[in-house]
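Descriptive structure summary
Single-letter residue listing:
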Amino acid sequence: MRVFHILPGAVLETDALPSQPPAEGFVWIACGRREFELEQARIQTTMHLLHGTSLVDLHISDLLNNQLPSHFDYTSQYDILVFRRLAAGHSETDLSHPGQVLTQPTRRGGPPVLRRIDTSPVGFAVFDRVLLTVHPAGCTVLEHYATRLRAAGTSAARAAGVNLPAGPADLMLRIVNQMVDGYLELRRELTRQLDHWQAELLHPSTRFTNWSSLLDARISLHQLDEICEDQRAAIQDWIEALAGWEVVEGNSDHFGGHKGLELLKVRSRDVLEHIERVIHHVRRLEQNAETAVQMHFSAQSNRTNDIMRTLTALTAIFLPLNLIAGIFGMNFEFIPLLHDNAGFWWAMGSMVFIAVGLSVVFWRKRYLARSGR
């Protein structure tokens, strides 16, 4: 468990939970899901000391549930946001032991980029002066943003114009935005992989055999689309709730007054726009993959038709030759030219003439033309 006291110009990290409301700034309590399960009594007591209220049982269950999709809920005292972030290929699926990481990796075929499409929920409880986050074990998002937060609290960062979060809601949106950036990076890698497969599918001299990986890619893209849809719905609900917030005159500590509230709305819309970009791109990748497969089979069908057309034309050329050979092969005693010294050459000449003539006719009709690539 990590506890940060975020002041207007500094960031302090402590190991102990606060016992009283901060005189200024706000507190960020970050803990793992298993830690939250074991320490929920202490955390509930801390919330009651800081705000006179505690988390309801249903929201505690939501924060402990590692299969919960992205969603938003609220009470009169705090807001709850669950947002799924990209995991490193491990799924937490043991519902009887919430928060416990399974050691078996998710079995998924295909290239490594597909194994990254695995998610875990991060829970946010947003109070006026406290942000409680519940992360999966070994969460890189927590470590990365904690490092950024400590760096932003230095005098050099303040001199460079780096602003600390104005309140718990602002900090939550910054962490969520970092999660969405992970999806944007994954989007680029998926694009390169699918472009490679499309080139293989449409190459005329390549026999594509990686169908299982392509199927896994389509399944993963569909799964990513559903995840992003849940994320978009959760952020839209948050924006609707944010529209009902009011600034108390003379009190700008919670989110920076009118300017801070407007900044929260701008950040929320920016996160929503990033999620919609991911959704749009994922759907386009799904469509491109489907189109590439259809074009592959269409090209295979066209090549098969070209081969059958050539074979049919060759068969048509040799049919009259077989007819002539069959006639002269009959066991009749009297056949014209059969006993003539020049009969063989007349037969061969007529056969060559017919074959050349039919070849010219079929070539002019493009039955024997080589199809362009």
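Procedures and definitions
Residues numbered from 1 in each chain as written. Predicted model: local features only at pLDDT ≥ 70, side-chain atom pairs only at ≥ 80, totals over all residues. Heavy atoms only, no water. UniProt positions renumbered as here; feature names shortened; annotations may be inferred. Axes fitted to C-alpha atoms, helices over the stretch in contact; angles between N-to-C directions. Helix = DSSP H or I, 4+ residues; strand = E, 2+ residues; numbered from the N terminus. Parallel < 35°, antiparallel > 145°, perpendicular 65-115°, else oblique. Left-handed = near helix turned anticlockwise from the far one by under 90°. Contact = heavy atoms within 4.5 Å. Phe/Tyr/Trp six-rings, centres within 6.5 Å; stacked < 30°, edge-to-face > 60°. Buried < 20%, exposed > 50% of the residue type's maximum accessible area, 1.4 Å probe, protein only. Salt bridge = Lys/Arg side-chain N within 4 Å of Asp/Glu carboxyl O. Expected span 1.5 Å × (residues − 1).

An unreviewed UniProt entry lists the protein under the name Magnesium transporter CorA family protein, with Hydrogenophaga luteola given as the organism. One UniProt comment on the protein, placed under Subcellular location (unreviewed entry), says "Cell membrane".

1. Examining the packing of helix H6 (residues 168–202) against helix H7 (residues 211–242)
Where H6 contacts H7, the axes come no closer than 12 Å and their chain directions differ by 155 degrees. In this view, H6 runs roughly antiparallel relative to H7, as classed from their interaxial angle. Relative to H7, H6 is oriented so that their crossing is left-handed. The segment H6 lies against H7, with Ala169, Met172, Leu173, Val176, Tyr183, Leu186, Leu190, Leu194, Trp197 and Leu201 engaging Trp211, Ser213, Leu214, Ala217, Leu221, Leu224, Ile227, Cys228, Gln231, Ile235 and Trp238.

2. Let's talk about the UniProt feature "transmembrane region" (unreviewed entry) in the protein
Per the UniProt record, the feature "transmembrane region" (unreviewed entry) sits at residues 311–332 and 344–363. Between the C-alpha atoms that bound residues 311–332 the distance is 33 Å, and the span itself is 82% helix and 0% strand. As annotated, residues 344–363 comprises 100% helix and 0% strand, and the C-alpha atoms at either end are separated by 28 Å.

3. Here we look at the packing of aromatic side chains
Evaluation of the coordinates by the stated rule reveals seven aromatic pairs. When the ring of Trp28 is compared with that of Tyr145, the centres are 6.3 Å apart and the planes differ by 70 degrees; the resulting orientation is edge-to-face. Placement of Trp28 in strand S3 (residues 26–32) and of Tyr145 in helix H4 (residues 140–152) is noted, with a sequence separation of 117 residues between them. Judged by relative accessible area, which is 5%, Tyr145 ranks as buried. Both rings, one in Phe72 and one in Trp238, keep their centres 5.9 Å apart while their planes meet at 80 degrees; by these two values the pair is edge-to-face. With Phe72 in strand S4 (residues 71–74) and Trp238 in helix H7, this residue pair connects regions lying 166 residues apart in the sequence. Given the relative accessible area of 10%, Phe72 is considered buried. An aromatic cluster of at least three residues, connected via ring pairs, comprises Phe72, Tyr74, Trp238 and Trp245.

4. With respect to the packing of H4 against H6
Running from N to C, H4 and H6 cross one another at 125 degrees; their axes reach a closest spacing of 11 Å. Viewed along their axes, H4 and H6 adopt a mutual orientation that is oblique. As H4 runs across H6, the sense of the crossing is right-handed. Where H4 approaches H6, its residues Val141, His144, Tyr145 and Arg148 are matched on the opposing element by Leu171, Arg174, Ile175, Gln178 and Met179.

5. Quick look at the pattern of salt bridges
Counted according to the given criterion, the structure contains 11 salt bridges. Here Glu273 ties to Arg277 by a salt bridge, and the two come within 4.0 Å at their closest N and O atoms. Here the residue Glu273 and the residue Arg277 both occupy positions in helix H8 (residues 257–328), the gap between them amounting to four residues, near one helical turn. Residue classification places Arg277 among the partly exposed positions, given a relative accessible area of 32%. The structure contains a network of salt bridges with shared partners spanning Arg2, Glu13, Glu143 and Arg150.

6. Observations regarding helix H1 (residues 33–51)
Helix length check: H1, at 19 residues, gives a terminal C-alpha distance of 22 Å against a target of 27 Å (1.5 Å per residue), a shortfall beyond 12%. All buried positions along H1 are accounted for by Arg33, Phe36, Ile43, Gln44, Thr46, Met47 and Leu50. Just past H1, the residue Gly52 takes up positive phi, approximately 75 degrees.

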